[in-house]
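Working through the structure, step by step
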Amino acid sequence: MRPDIDRDKLAKRFGAWIDAQGLSYRQAASLHEGLNPAMINRARTGQVLSAASLLALCRAMGADPLEFLILVDPAKQKQAVTAKVQRETEAHPYG
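Our subject in this report is the structure included herewith.

Examining the packing of aromatic side chains
A full pass over the atoms with the stated rule returns one aromatic pair. Here phenylalanine 14 and tryptophan 17 contribute two aromatic rings whose centre-to-centre distance is 5.5 Å and whose plane-to-plane angle is 35°, an arrangement assigned as tilted. In this pair, phenylalanine 14 and tryptophan 17 are both assigned in helix H1 (residues 7-21), three residues apart and thus about one turn of the helix distant. One exposure class covers both phenylalanine 14 and tryptophan 17, and it is buried.

What about helix H3 (residues 37-44)?
Taken residue by residue, H3 has Met39, Ile40 and Ala43 as its buried positions. Buried residues of H3, seen end-on, are gathered within an arc of 100° and therefore sit on one face of the element. The inward-facing, buried residues of H3 abut H1, helix H2 (25-31) and helix H4 (51-61). Downstream of H3 by one or two residues, glycine 46 has phi in the positive range, about 75°.

Concerning the packing of H1 against H3
Where H1 contacts H3, the two axes come as close as 8 Å, and the packing angle between them is 125°. Judged by the inter-axis angle, H1 sits oblique to H3. Taking contact as the criterion, the partners of Ala11, Phe14, Gly15, Ile18 and Asp19 in H1 are, on H3, Ile40, Ala43 and Arg44. Its residues placed into classes, the contact of H1 with H3 shows five nonpolar, one polar and two charged.

Brief notes about the pattern of salt bridges
Going through the model one piece at a time under the given rule, you end up with two salt bridges. The salt bridge partner of arginine 13 is glutamate 67, with a shortest N-O separation of 2.5 Å. One end of the pair, arginine 13, is in helix H1; the other, glutamate 67, is in the loop between H4 and strand S2 (69-72), with 54 residues separating them in the sequence.

What about the nonpolar core?
If you look at the biggest cluster of nonpolar residues, it comprises 20 residues, and the most contacted ones within it are Phe14 and Leu35. Top contributing element to this core by residue count: H4, with six residues. When residues no more than four places from it in sequence are discounted, the contact partners of leucine 35 are Ala28, Ala29, Ile40, Ala56, Leu57 and Ala60.

Conventions adopted
Residues numbered from 1 in each chain as written. Predicted model: local features only at pLDDT ≥ 70, side-chain atom pairs only at ≥ 80, totals over all residues. Heavy atoms only, no water. Phe/Tyr/Trp six-rings, centres within 6.5 Å; stacked < 30°, edge-to-face > 60°. Helix = DSSP H or I, 4+ residues; strand = E, 2+ residues; numbered from the N terminus. Buried < 20%, exposed > 50% of the residue type's maximum accessible area, 1.4 Å probe, protein only. Arc of directions from axis to C-beta. Contact = heavy atoms within 4.5 Å. Axes fitted to C-alpha atoms, helices over the stretch in contact; angles between N-to-C directions. Parallel < 35°, antiparallel > 145°, perpendicular 65-115°, else oblique. Nonpolar A, V, L, I, M, F, W, Y, C, P; charged D, E, K, R; others polar. Salt bridge = Lys/Arg side-chain N within 4 Å of Asp/Glu carboxyl O. Core = buried A, V, L, I, M, F, W, Y, C linked by side-chain atoms within 4.5 Å.

In short, the description is geometric, and any link to function would need to be established separately.
The following block contains the structure:
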């Protein structure tokens, strides 16, 4: 098992918190040390955050960071699949 952050859960929780506070991204950043508008946008859209950013967000909204910790089984994790297509380096069927 590999530890990871449930970014969807964090995005929903942080979005609900900031909406309930009635704060813009800039207002939240000015009121809570360690936050900035770009970080807030990444959190709201479920993007990857540093551990320090996660902790700053959790401190601002009074949440336990462990609430967002998940253990991922790499064998069951979604993986992108590349379609089989002819590559430039493969022989051309007509040549």
